[in-house]
Amino acid sequence: MKRREFGQYCGLARALELVGERWALLIVRDLTVRPRRYTDLLDGLPGIPTNVLSTRLKELEQAGIVERQIAPAPQRGVLYTLTAAGHELEPAILALGRWGATQLGEPRPGEIVTPESVTMTLRAVFNEEAAAGLTASWEIRAPGMVLHAVVTDGKLDAGPGPAPDDADLVITVPLTDELPSYQTLMQAIKCGLVELAGRRKLLDTFTRLFSPRSA
């Protein structure tokens, strides 16, 4: 499968040749959060044509960015996951997401929210300097979504699903029937429109750690 070439001997040009096609980085984003089946990727990327998803996965496999694995028992089927080279893209994706989070504004008509997109936004905006030495955990609950954010000695582990252990603070967003965007989540927290269970003082800490630096 021939990829688009820019004809420049440049690291950025080569990176764009490998992951610059439409949807490619969003596929990598979702696989950065967790391995996914083909159908999981399709569900998490509404609007992507099936032939485009198949093509992008083949291109990313050929580039050594994505690989297939057999799902562990009791699951069945094939999982797509990132290779070591694929995981090396995470800092670049987080940097783009960090900048993009400051440009979001209000959701545009037809835009959807996924647990993977909220997870990556939390990872992108996380203020590691402000978290130095901190150990705390949060669980964010909303209709159709549960996320965790666990900080251990200043290092973040954020992803879909409940916290591995009981969270220090559970934040429930009850004001929407749809998955809340990152913006909606933070606005609800700042306006006190959330339900809390646990160490309530950690709500201000959460806001401080997960707000964009320019906010």
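Everything in this summary refers to the structure shown in the same document. Sequence order sets the numbering: in each chain, residues are counted from 1 along the sequence as written. In keeping with the predicted nature of the model, local features appear solely for residues at pLDDT of at least 70, side-chain atom pairs appear and are counted solely at 80 or more, and the whole-chain, interface and lining totals rest on all residues. Calculated side-chain values reflect all of the structure's heavy atoms, with hydrogen atoms and water omitted.

For patches, a residue must show more than 30% relative accessible area and have no salt bridge; joins then use 9 Å for like charges and 5 Å for nonpolar side chains, namely Val, Leu, Ile, Met, Phe, Trp and Tyr. Only the protein chains shown count as cover for residues, and the accessible areas themselves come from Shrake-Rupley with a 1.4 Å probe. Salt bridges are counted wherever a side-chain nitrogen of Lys or Arg sits within 4 Å of a carboxyl oxygen of Asp or Glu. Together, Phe 6, Leu 12 and Leu 16 give the surface a local cluster of nonpolar side chains, amounting to about 280 Å² of exposed area. Each helix is a run of H or I in the DSSP string that is no shorter than four residues. Each strand is a run of E no shorter than two, and both are numbered from the N terminus. Along the chain, Phe 6 turns up in the segment before helix H1 (11-19). Under the relative-accessibility criterion, Phe 6 is labelled partly exposed at 37%. Residue burial is assigned from relative accessible area. The probe radius is 1.4 Å, only protein chains are included, and a residue is buried under 20% of its type maximum, exposed over 50%, and partly exposed in between.

Another point: helix H8 (residues 182-190). Every buried residue of H8 is listed here: Tyr 182, Leu 185, Met 186, Ala 188 and Ile 189. The buried side chains of H8 occupy one side of the element, clustering within an arc of 160° when seen end-on. The secondary structure elements touched by the buried residues of H8 are helix H7 (115-125), strand E3 (136-142), strand E6 (169-172) and helix H9 (202-209). Gly 192 sits one or two positions beyond H8 and adopts a positive phi of about 75°. Throughout, the arc means that of the directions going from the helix axis to the C-beta atoms. Any two residues having at least one pair of non-hydrogen atoms within 4.5 Å are treated as being in contact.

Overall, the coordinates contain 11 salt bridges when judged by the stated rule. Salt-bridge contacts for Glu 59 lead to Arg 56; the nearest nitrogen and oxygen are separated by 3.0 Å. Of this pair, Glu 59 and Arg 56 both sit in helix H4 (residues 50-62), 3 residues apart, which is roughly one turn of that helix. Residue Glu 90 pairs with Arg 123 through a salt bridge whose shortest N-O separation is 3.3 Å. Within this pair, whereas Glu 90 is found in helix H6 (residues 90-101), its partner Arg 123 is found in helix H7, the two being separated by 33 residues in sequence. Judged by its relative accessible area of 16%, Arg 123 falls in the buried class.

The next thing to look at is the packing of aromatic side chains. Here is the rule: rings of Phe, Tyr and Trp (six-membered ring for Trp) pair when centre to centre is within 6.5 Å. Planes less than 30 degrees apart are stacked, more than 60 are edge-to-face, and the remainder are tilted. Tallied over the full model, the rule gives 4 aromatic pairs. Measuring from centroid to centroid gives 6.1 Å for Trp 138 and Phe 210, while their planes differ by 85°, and the two rings are edge-to-face. Remark: Phe 210 occurs in the segment after H9 and Trp 138 occurs in strand E3; sequence separation between them is 72 residues. By relative accessible area, which is 0% here, Trp 138 ends up buried. Aromatic rings pair up to connect Phe 126, Trp 138, Phe 206 and Phe 210 into one cluster.

On to unusual backbone geometry. Phi angles above zero are rare outside glycine, and Trp 23 is one such case at about 80°. Within the secondary structure, Trp 23 is located in the loop between H1 and helix H2 (24-33). Residue classification places Trp 23 among the buried positions, given a relative accessible area of 16%. Positive phi values are uncommon outside glycine, yet Asp 153 reaches one of about 50°. Tracing the sequence through the fold places Asp 153 in the loop between strand E4 (145-152) and strand E5 (155-160). Residue classification places Asp 153 among the exposed residues on the basis of a relative accessible area of 52%.

So, on to the nonpolar core. Put simply, buried Ala, Val, Leu, Ile, Met, Phe, Trp, Tyr and Cys residues joined by side-chain atoms within 4.5 Å make one nonpolar core. In terms of nonpolar packing, the biggest core is built from 28 residues, with Leu 122, Trp 138, Ile 171, Ile 189, Phe 206 and Phe 210 touching the most fellow members. Secondary-structure elements contributing two or more residues to this core are H7, E3, E4, E6, H8 and H9. Here this core takes 5 residues from H8, the largest share from any one element. With sequence-adjacent residues up to four places away left out, Ile 171 is seen in contact with Trp 138, Glu 139, Ile 140, Arg 141, Ile 189, Val 194, Glu 195, Leu 196, Leu 203 and Phe 206. With 21 residues, the next largest nonpolar core counts Trp 23, Leu 31, Ile 93 and Met 120 among its residues.

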